[in-house]
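Observations on chain architecture
Listed below, chain by chain, are the residues.
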Amino acid sequence: MTNPQDRPLKIAIFSDSALPILNGVSVSIDALISGLRSRGHSVHLFTAAHRGHRDDDPNVIRFYATETPWTKGYPLALPPFYPMIGRFRRQHFDVIHTHTPFTIGFVGLRWGQSHDIPVVSTYHTLYDKYAHYIPFVPKRYLRYKLAKHTNFYYNQVDQVITPSAAAKKWLDRHSVKKPVTIIPTGAVSALTVDRAEARSQLGIGPNQKVLLYVGRIAREKNMSTLIEAVALAFREDPNLIFMLVGDGPSRVECMSLAQELGIGDRVKFVGFRPRNEVDLFYAAADLFVFASMTETQGLVIAEAMTHGLPAIVVQGGGASAAVIEGKNGVVVRNDPAQFAHEVVSLLRDEDRFETMSMHARHSVRSFTRDDMVSAVVSVYRAAMDPSAAPTPQAVLR
């Protein structure tokens, strides 16, 4: 007889952010959906419509959405939402999983409460670090309201998932009392990309060493520190070049800074690339550099490490938690001089670099996508049956 705890689940995922938007949340959700379906679970995604995008997945339900001047590239779902509730009810979901405490996440919470369906929510983002995107509202007041909303929302759900200890600490500070389980996004095996071919395709010379950044180019990513550090490293090593894969509201500002620092000839702003093209840049690079202190997890750092790239990161938040100091990378203060020193010294020490590269690959293999899915499903079952405890907290190491 089949154990009821093993039966496939019907899961509704609610998120304001999902592919084709490319960020840590959307990548994490896509990996989770794929992993859940590979285990036989049925998953429906409720998210915002994206102009010009057509889904090939019939289980994606999109609410009407529009862009605003301060949410460019991130469509904002608008009411009424009830026209979709018939499609929701017909599925008889076992559990709802929200990935945002805002518009669509709130719809998921309310529909779960009104239909007596347990709700799990993942806290992905330190939202107060993004307060500068909301115009006309005093930042101190906005941060206060975000703190109050964080407390309210996550105390309404049955179980909370967060990708790092840093994010859990933030929830503790906001007096979230519901059970919290730490589950990082599991590493996906890197696509096999030949390094020599990748470097040839990207026009990288045989003696050049590539520093790589992947992510949004935005104020909260601490880009000025990163570019200033790179400029200092360039003075010490004439073979260094810097590639930035991604786009964002600070791109023009960062390009101007690179020009002012006199490093424009050795910096390439690649722009946005679809996820399946980013592996080409990882394969061609030598070292991953990341200065953001607002992450809840180091997802792009883990992606880089699947290609054997050690990482130099600034201390703070979940990004630095992805680095095992001295093993697969180096954690530095928010200081361009120290950052540059570690970049140059690591690339000059071939034995140390090769050892870190080996450890980088090993560290991300220790927590896979399958591990992530198993942990998430255990949280779902704990939400459905409060007597069942989730698996122990997972830590990416």
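Whatever comes next refers back to the structure up there.
The next point concerns the pattern of salt bridges. Summed over all chains, the structure comprises 13 salt bridges. For Asp-237, the salt bridge identified is with Lys-209, shortest N-O distance 3.2 Å. Highlighted residues: Asp-237 in the loop between helix 7 (223-236) and strand 11 (240-245) and Lys-209 in strand 10 (residues 209-214), separated in sequence by 28 residues. Residue classification places Asp-237 among the buried residues on the basis of a relative accessible area of 7%.

Take the nonpolar core next. Counting 67 residues, the largest nonpolar core has Leu-212, Phe-242, Phe-288, Ile-301 and Val-343 as the members making the most contacts within it. Broken down by element, this core gets its largest block of residues, 8 residues, from helix 7. Not counting chain neighbours up to four residues away, the residues in contact with Phe-288 comprise Leu-212, Tyr-213, Val-214, Tyr-282, Val-300, Ile-301, Ala-304, Leu-309, Pro-310, Ala-311 and Ile-312. Counting 31 residues, the second-largest nonpolar core is a separate cluster that includes Ala-48, Ile-61, Ile-104 and Trp-170.

A few words now on the packing of helix 10 (residues 299-306) against helix 13 (residues 350-365). It is the contact of helix 10 with helix 13, at a shortest axis distance of 7 Å, that shows an interaxial angle of 120°. Relative to helix 13, the element helix 10 lies oblique. Of the two elements, helix 10 crosses helix 13, and the hand of that crossing is left-handed. Contact residues: helix 10 offers Ala-302, Met-305 and Thr-306, while helix 13 offers Ala-360, Arg-361, Ser-363 and Val-364. Tallied by class, the residues present in the contact of helix 10 with helix 13 amount to 4 nonpolar, 2 polar and 1 charged.

So, on to the packing of helix 12 (residues 336-348) against helix 13. It is at 5 Å that the axes of helix 12 and helix 13 come closest, and there the two elements cross at 95°. As the angle between them shows, helix 12 and helix 13 are arranged roughly perpendicular. For the pair formed by helix 12 and helix 13, the contact residues are Glu-342, Ser-345, Leu-346, Leu-347 and Arg-348 on the first element and Glu-350, Arg-352, Phe-353 and Met-356 on the second. Classifying every residue of the contact of helix 12 with helix 13 by side-chain character gives 4 nonpolar, 1 polar and 4 charged.

Once that is clear, we can look at unusual backbone geometry. Geometrically, the link from Leu-19 to Pro-20 is a cis peptide bond, its omega value of 20° lying close to zero. Mapping Pro-20 onto the fold places it in the loop between strand 1 (10-14) and helix 1 (24-38). Across the junction of Pro-79 and Pro-80, the peptide omega takes the value 5°, indicating a cis bond. Looking at the element boundaries, Pro-80 is found in the loop between strand 5 (76-77) and helix 2 (85-91).

It is worth spelling out the packing of aromatic side chains at this point. Counting across every chain of the model gives 18 aromatic pairs. Judged by centre distance (6.0 Å) and plane angle (70°), the ring pair of Phe-46 and Phe-88 falls under edge-to-face. Linking Phe-46 in strand 2 (residues 42-48) with Phe-88 in helix 2, this pair joins segments that are 42 residues apart in sequence. One aromatic cluster is present, built from ring pairs that chain together Phe-14, Phe-46, Phe-63, Phe-81, Phe-88, Phe-93 and Trp-111. In this arrangement the basic side chain of Arg-266 is found over the ring face of Phe-234, its NZ or CZ atom lying 4.0 Å from the centre.

Thresholds applied
- Residues numbered from 1 in each chain as written.
- Predicted model: local features only at pLDDT ≥ 70, side-chain atom pairs only at ≥ 80, totals over all residues.
- Heavy atoms only, no water.
- Salt bridge = Lys/Arg side-chain N within 4 Å of Asp/Glu carboxyl O.
- Helix = DSSP H or I, 4+ residues; strand = E, 2+ residues; numbered from the N terminus.
- Buried < 20%, exposed > 50% of the residue type's maximum accessible area, 1.4 Å probe, protein only.
- Core = buried A, V, L, I, M, F, W, Y, C linked by side-chain atoms within 4.5 Å.
- Contact = heavy atoms within 4.5 Å.
- Axes fitted to C-alpha atoms, helices over the stretch in contact; angles between N-to-C directions.
- Parallel < 35°, antiparallel > 145°, perpendicular 65-115°, else oblique.
- Left-handed = near helix turned anticlockwise from the far one by under 90°.
- Nonpolar A, V, L, I, M, F, W, Y, C, P; charged D, E, K, R; others polar.
- Phe/Tyr/Trp six-rings, centres within 6.5 Å; stacked < 30°, edge-to-face > 60°.
- Lys NZ or Arg CZ within 6 Å of the ring centre and 35° of its normal.

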